Amino acid sequence: MTEQINAFKMAQAQFDNVATMLNLDPQAAAMLRWPTREFRFQIPVKMDDGSIKVFFGYRVQHSDVRGPSKGGIRFHPSETLDTVRALAMWMTWKTAVADIPLGGGKGGVAVDSASLSINEQERLCRGWIQQIYLNIGPRQDVPAPDVGTNPRMMGWMMDEYSKLVGQYTPGVITGKPVGGGGSLGRTEATGFGVVYTIREAMKYLDVAPKNAVAAIQGFGNVAQYAAIEFIDMGGVVVCVSYWDRDDQKPYTVSRDEGVDPRFLQSITDVYGTIDKEKAQDSGYVIEDDEVWITKDVDVLIPSALEGQINAETVQTISERVRIVAEGANGPTTPEADEVFKQRSVFNIPDFLCNAGGVTVSYFEGVQNDMNFYWAAERFAMQLIAGAEFRLDKKNDVNSILHLGLGGRYVLMSTRYANLSIGLRAVMAYAPNLWSYSSVLRCIPDGDGSVCEEETSTTTETNVLQFGVELPIEVEYFFSDSFSIMLGAGAMAVFVPKAGAVLDPRGLGAVHKAEHKGIGIGTGAVFGAAAFNFYL
Ligand code: NAD
């Protein structure tokens, strides 16, 4: 199923759709339709038996107009340049929608990690860095884990990069182990973030989280924490699924009264493969892979690979399904998107739904830059200026994601509404695209004043065409301190006495609706002060 779908064609089709809706200038569209830079390279690896095996590695930098490219490294046997291109493009929209000062990139190697010994994995990871280290870095492109890669691998990669450039550089990569430059909360971030967006969607749809039922595809990093948090929210998860390496096919692992993700974690390996015998011994039913999508549930959470909900499989989805929350990147094809629209299924698109991971990756990079690591409580501080202070009832990881994601965009949740927002954010940041201002609601005019009038109503009209209201006015402000703060880099600076926290993005783009408590002027003063202090 996955092999038949070209993810990049799919990503471009989504983009073309939005570009048309936005009446995007064709010249601007041409720049965003393809990645800025692409690398494909050989990685010769000495295997344990002494032989040399050549792997193919990729890195694609789709866009760096809003900041260094950002995106994971995937180790998967069916990795292709087109998959990496698609994932890189989606990262551009994701960082823009989450409004963190990063661009979009992605990388990978066509390999099944599980087929390598630990030593071979290490040599492959170090080899990947050796081939690309001149083109990545904290100010160029910052990779992270994805399918088939993990914190230990990120640690090896960071170490190799540091050796090659001659200085300790933890900020070259995120998703590192805690204690090795990693951030508290990164492991849970994506899955928890998925559930926060579901929670917000439920509020909008008036669906009670208590006893809501979900089916999840996958049981890797994203799926595990999505399952845990969904149950914590009061819901029930009736199944997860996984790829069985022995049988070379996926299975659905079900239990009518609900799965226990903590137990399943204890019988799952680092690649997200569940021990099916142990599962069966504990009362779980092992079913065929396609069963997960047919379950009679309120919420579907695809959290494995792209193209899983397509023209064919979408027909098997139960009438009861109200929400599809895309934990995975690109799980829904444009044909399935159409069916969701017709059936009024509320689709939370990947670049919003799973943005919790990159949000905390960004915080990891900020800590690396500061060479100062936040204690757990510190995450409860206001990291995005003006957000309501919230120390979450349960744990601090929740607080990070509340702040990083919140419910800010979820009500605008159709893929195209979100993609429009992401696109506009990319455009707003790109000096070389500023002349194409007709698509922006508000653009900087270079002297720090705020635009008041939108130049075109096309955007809103088109977004509303999907029956989605825009509850938050998205406006872009460029303050005088913009350049200063850009110079200060991505420092999230806490000013304890004032009880305020600066916008880590340097006030570059401010979402008015969220800046209840802290004025832009005040923020700018703190910004300048913090900049001087840190010099
Ligand atoms: P992972 O490698 O930890 O887990 C992948 C899971 O999917 C495993 O349980 C695997 O067995 C299962 N799987 C693979 N093929 C399958 C198939 N055909 N049917 C059913 N299950 C299958 O990966 P992950 O990090 O959890 O990433 C999952 C998805 O989420 C990917 O699309 C990734 O790009 C996306 N994502 C991940 C993060 C992150 O922080 N890890 C962030 C954003 C998006």
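Above: the structure in question.
Here is a short report on the structure shown in this document. Here the structure is a predicted model, which is why all the values come from computation and not from measurement. (Residues numbered from 1 in each chain as written. Predicted model: local features only at pLDDT ≥ 70, side-chain atom pairs only at ≥ 80, totals over all residues. Heavy atoms only, no water.)

## Considerations on the overall build of the protein chain
Helix and strand content of the protein chain: 17 helices and 14 strands. Nonlocal contacts in the protein chain, meaning residues at least 24 apart in sequence, comprise 70% of its contacts between residues at least 6 apart. (Helix = DSSP H or I, 4+ residues; strand = E, 2+ residues; numbered from the N terminus. Contact = heavy atoms within 4.5 Å.)

## Comments concerning the sheet that holds strand 3 (residues 69-75)
Pairing is mixed in the open sheet, where 5 strands are placed in the order 1-2-4-3-5. A single partner strand is all that each edge strand has here, and the edge strands are strand 1 (37-46) and strand 5 (141-145). On average, adjacent strands in this sheet sit at an angle of 20 degrees to one another, irrespective of strand direction. Summarising the sheet, strand 3 and strand 5 pair through 5 bridges and their orientation is parallel. In the sheet register, Ser 69 faces strand 5, and the bridge partner there is Asp 141. The sheet contacts of helix 3 (residues 81-97) involve strand 1, strand 2 (52-63), strand 3 and strand 4 (104-109), and relative to strand 2 the element is tilted by about 35 degrees. On the sheet, helix 4 (residues 118-132) packs against strand 1, strand 2, strand 3, strand 4 and strand 5 and is oriented at approximately 140 degrees with respect to strand 1. (Pairing = 2+ DSSP bridges. Axes fitted to C-alpha atoms, helices over the stretch in contact; angles between N-to-C directions.)

## Structural notes on the pattern of salt bridges
A complete count under the given rule lists 24 salt bridges for this structure. In this structure, Arg 123 engages Asp 48 in a salt bridge whose closest nitrogen and oxygen atoms are separated by 2.7 Å. On the criterion of sequence distance, the pair formed by Arg 123 in helix 4 and Asp 48 in the loop between strand 1 and strand 2 is long-range, its members being 75 residues apart. Its salt-bridge partner being Arg 74, residue Asp 146 comes within 2.7 Å of it at the nearest N-O pair. Here the residue Asp 146 occupies a position in the loop between strand 5 and helix 5 (151-165), and Arg 74 occupies one in strand 3, the gap between them amounting to 72 residues. An identical accessibility class is assigned to Asp 146 and Arg 74; each is buried. (Salt bridge = Lys/Arg side-chain N within 4 Å of Asp/Glu carboxyl O. Buried < 20%, exposed > 50% of the residue type's maximum accessible area, 1.4 Å probe, protein only.)

## Topic: helix 10 (residues 334-343)
If you check which residues of helix 10 are buried, you get Ala 336, Asp 337, Val 339 and Phe 340. End-on view of helix 10: buried residues confined to an arc of 160 degrees, all on one side of the axis. Just past helix 10, the residue Ser 344 takes up positive phi, approximately 55 degrees. (Arc of directions from axis to C-beta.)

## Topic: the packing of aromatic side chains
Taken as a whole and assessed by the stated rule, the structure comprises 7 aromatic pairs. Measuring from ring centre to ring centre gives 6.0 Å for Phe 41 and Trp 128, while their planes differ by 65 degrees; the resulting arrangement is edge-to-face. Within this pair, whereas Phe 41 is found in strand 1, its partner Trp 128 is found in helix 4, the two being separated by 87 residues in sequence. Of the residues examined, Trp 128 reaches a relative accessible area of 0% and is grouped as buried. (Phe/Tyr/Trp six-rings, centres within 6.5 Å; stacked < 30°, edge-to-face > 60°.)

## Focus: unusual backbone geometry
Located in the positive-phi region is Asp 206, a residue other than glycine, with phi close to 60 degrees. Assignment of secondary structure puts Asp 206 in the loop between helix 6 (186-205) and strand 6 (213-217). Taking relative accessible area as the criterion, Asp 206 reaches 72% and is therefore assigned exposed.

## Focus: the site of the ligand
In the neighbourhood of the ligand, 26 residues make up the surrounding shell, with Asp 146, Thr 190, Trp 243, Gly 272 and Asn 329 lying closest. One of the backbone nitrogen or oxygen atoms of Gly 148 is found 3.3 Å away from an oxygen atom of the ligand. Contact distances for the ligand include 2.8 Å between an oxygen atom and a side-chain N or O atom of Asn 329. Look at the ligand: alone it shows 830 Å² of surface, and the protein chains cover 91% of it. Mapped onto the shell around the ligand, the elements with two or more residues apiece are helix 6, helix 7 (221-232) and strand 7 (236-244). (Near = heavy atom within 4 Å. Polar contact = N/O pair within 3.5 Å; in protein donor to acceptor, adjacent residues only side chain to side chain. Areas by Shrake-Rupley, 256 points an atom, 1.4 Å probe, with all protein chains shown as cover.)

## A few points about the environment of Val 321
Along the chain, Val 321 falls in the loop between strand 10 (299-302) and strand 11 (323-325). It is 9.6 Å that separates the C-alpha atoms of Val 321 and Arg 343, two residues lying 22 residues apart in sequence. The residues contacting Val 321, other than those within four sequence positions of it, are Val 297, Asp 298, Leu 300 and Val 345.

## A look at the environment of Thr 187
Following the sequence through the fold, Thr 187 ends up in helix 6. With relative accessibility at 39%, the residue Thr 187 sits in the partly exposed group. Placed 10 residues apart in sequence, Thr 187 and Pro 177 show a C-alpha to C-alpha distance of 9.3 Å.

## Regarding the nonpolar core
One finds Ile 198, Met 202, Phe 230, Val 240, Val 253, Ile 301 and Ile 348 to be the most contacted residues of the largest nonpolar core, which totals 55 residues. Sort the elements by how many residues they give to this core and helix 1 (residues 7-21) lands first, with 8 residues. If sequence neighbours within four positions are ignored, Val 240 has contacts with Ile 216, Gly 218, Phe 219, Tyr 251, Thr 252, Val 253, Val 259, Leu 264 and Ile 274. Of all hydrophobic cores here, the second largest spans 25 residues; its members include Phe 39, Phe 55, Val 109 and Ile 173. (Core = buried A, V, L, I, M, F, W, Y, C linked by side-chain atoms within 4.5 Å.)

## Some words on the side chain of Thr 190
Position of Thr 190 relative to the elements: it lies in helix 6. Given the relative accessible area of 8%, Thr 190 is considered buried. Among the polar contacts listed, one links the side chain of Thr 190 to the side chain of Arg 186, at a separation of 3.5 Å. Each residue touching Thr 190, except ones within four places of it in the same chain, is listed here: Asn 221, Val 222, Asn 354, Gly 356 and Gly 357.

## Here's the deal with the sheet that holds strand 10
Taken in spatial order, the 7 strands make up an open sheet running 9-8-7-6-10-11-12, and their pairing is mixed. Each edge of the open sheet carries a strand with a single partner, namely strand 9 (285-288) and strand 12 (346-348). Direction aside, the axes of adjacent strands within the sheet are offset by 20 degrees on average. With 3 bridges connecting them, strand 6 and strand 7 associate as parallel partners. Paired with Ala 214 across the two strands is Val 237, which belongs to strand 7. Along the sheet face, helix 7 touches strand 6, strand 7 and strand 10 and points at about 175 degrees away from the line of strand 6.

## Observations concerning a nonpolar patch on the surface
Residues Ile 52, Val 54 and Phe 56 make up a contiguous nonpolar surface patch of about 260 Å² in total accessible area. Among the secondary structure elements, Val 54 is positioned in strand 2. Judged by relative accessible area, Val 54 falls into the partly exposed class, the value being 41%. (Patch = residues over 30% accessible without salt bridge, like charges linked within 9 Å, V, L, I, M, F, W, Y side chains within 5 Å.)

## Observations concerning the side chain of Gln 217
Among the structural elements, Gln 217 can be located in strand 6. Looking at Gln 217, its side chain comes within polar contact range of the side chain of Gln 308, at 2.9 Å. Residues within four places of Gln 217 in sequence aside, it is in contact with Ala 223, Ser 241, Trp 292, Ile 301, Pro 302, Ser 303, Ala 304 and Gln 308.

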